[in-house]
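Residues per chain are reported as follows:
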Amino acid sequence: LRMQETDTRQFPVIDGKGRVVRLEEVHRVVESQTPRSNTVVLMAGGMGTRLQPLTTDTPKPLLKIGEKPLLETILENFIKHGFQRFYISVNFKAEMVISHFGDGSRWGCEINYLQEQKRMGTAGSLSLLNKEIAEPILVMNGDLLTNINVGHLLDYHFDHKATATVCVRDYDFEVPFGVVNMDEQYISSIDEKPISRFFVNAGIYVLDPECLDYVPRNEHYDMTNLLNTVLRSHKKIVAFPIREYWLDIGRPDDFTRANIEFGR
């Protein structure tokens with residue numbers, strides 16, 4: 001408050017030895033303290049098959065990145081931006097996830113659980129939510145390492161008056177050969193190892209409550225199905241490009257990379 005009164009826009013952050021490690025912007029700190037009453041759903045029911053043997057005895061969301069489980073880092077990022085109400089979707093080794101997070105009081109938030117009795121895909125467990133939810137819901141896969149500003153994401157959703165917002169990420173793919181372009185049997189040009197660029201689904205969403213009406217109860221249902229259904233209903237879906245750090249931890253190499261990069 002004092003910094004706002006004196007029009008101070010930045011302040012230094014120091015480490016335990018008194019060394020300046022970065023500059024922080026005042027407006028970002030103020031934004032992060034704004035309470036948000038929206039519900040957040042963290043999808044943590046997957047079996048993590050591609051990460052075996054790491055996930056043989058530990059569910060993927062509890063694998064440690066740095067000093068704490070991945071899902072805990074995700075939870076704390078939401079809390080930092082003012083979110084307090086959480087549901088965690090659980091299935092594989094659900095008791096371990098529930099034991100670690102409990103009711104959320106350790107983090108000063110409220111945590112409930114969506115207990116899948118079978119594998120329900122990336123959106124099916126949303127059918128287990130309380131239908132009385134009146135505000136947009138944030139949904140995030142529990143295997144992502146990112147420092148996205150989720151407060152900005154929610155504001156973006158409101159600003160665009162969207163029914164759903166999908167976070168997207170740049171993805172480049174290099175063809176490892178020379179690509180031959182043809183007009184019938186005649187070669188028109190040859191491109192040496194061209195790079196194709198796409199936007200890919202980043203696994204983070206904001207959904208208006210009406211989206212829950214499209215999710216069949218107790219069935220396997222993926223987020224792609226839900227979004228396509230919303231589009232067919234002529235509702236507006238917007239893309240939110242992620243410019244911050246983002247990593248999908250799906251394979252052992254990704255897990256190793258995440259631990260190397262986490263400190264940065």
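Cut-offs and rules
Residues numbered from 1 in each chain as written. Predicted model: local features only at pLDDT ≥ 70, side-chain atom pairs only at ≥ 80, totals over all residues. Heavy atoms only, no water. Salt bridge = Lys/Arg side-chain N within 4 Å of Asp/Glu carboxyl O. Helix = DSSP H or I, 4+ residues; strand = E, 2+ residues; numbered from the N terminus. Buried < 20%, exposed > 50% of the residue type's maximum accessible area, 1.4 Å probe, protein only. Arc of directions from axis to C-beta. Contact = heavy atoms within 4.5 Å.

### Looking at the pattern of salt bridges
Within the structure shown, the criterion is met by 9 salt bridges. Between Arg 36 and Asp 155 there is a salt bridge whose closest N-O contact spans 3.0 Å. Of the two residues, Arg 36 is situated in strand E3 (residues 36-43) and Asp 155 in helix H5 (residues 150-159); the sequence distance between them amounts to 119 residues. Given a relative accessible area of 16%, Arg 36 falls into the buried group. According to the relative accessible area criterion, Asp 155 is partly exposed, its value standing at 30%. Of the charged contacts, one joins Arg 243 and Asp 170 as a salt bridge, the two residues approaching to 3.1 Å between their closest N and O atoms. Residue Arg 243 is located in the loop between strand E14 (237-241) and strand E15 (246-248), and its partner Asp 170 is located in strand E10 (residues 164-174); the two are separated by 73 residues in the primary sequence. Residue class for Arg 243 comes out exposed when judged on its relative accessible area of 60%.

### Overview of helix H6 (residues 223-232)
Residues of H6 that are buried include every one of Met 223, Leu 226, Leu 227, Thr 229 and Val 230, and no others. The arc that holds the buried residues of H6, viewed along the axis, is 160°, so those residues lie on one side. Those residues of H6 that are buried lie in contact with strand E8 (137-141), E10, strand E13 (195-207) and E14. Downstream of H6 by one or two residues, His 234 has phi in the positive range, about 65°.

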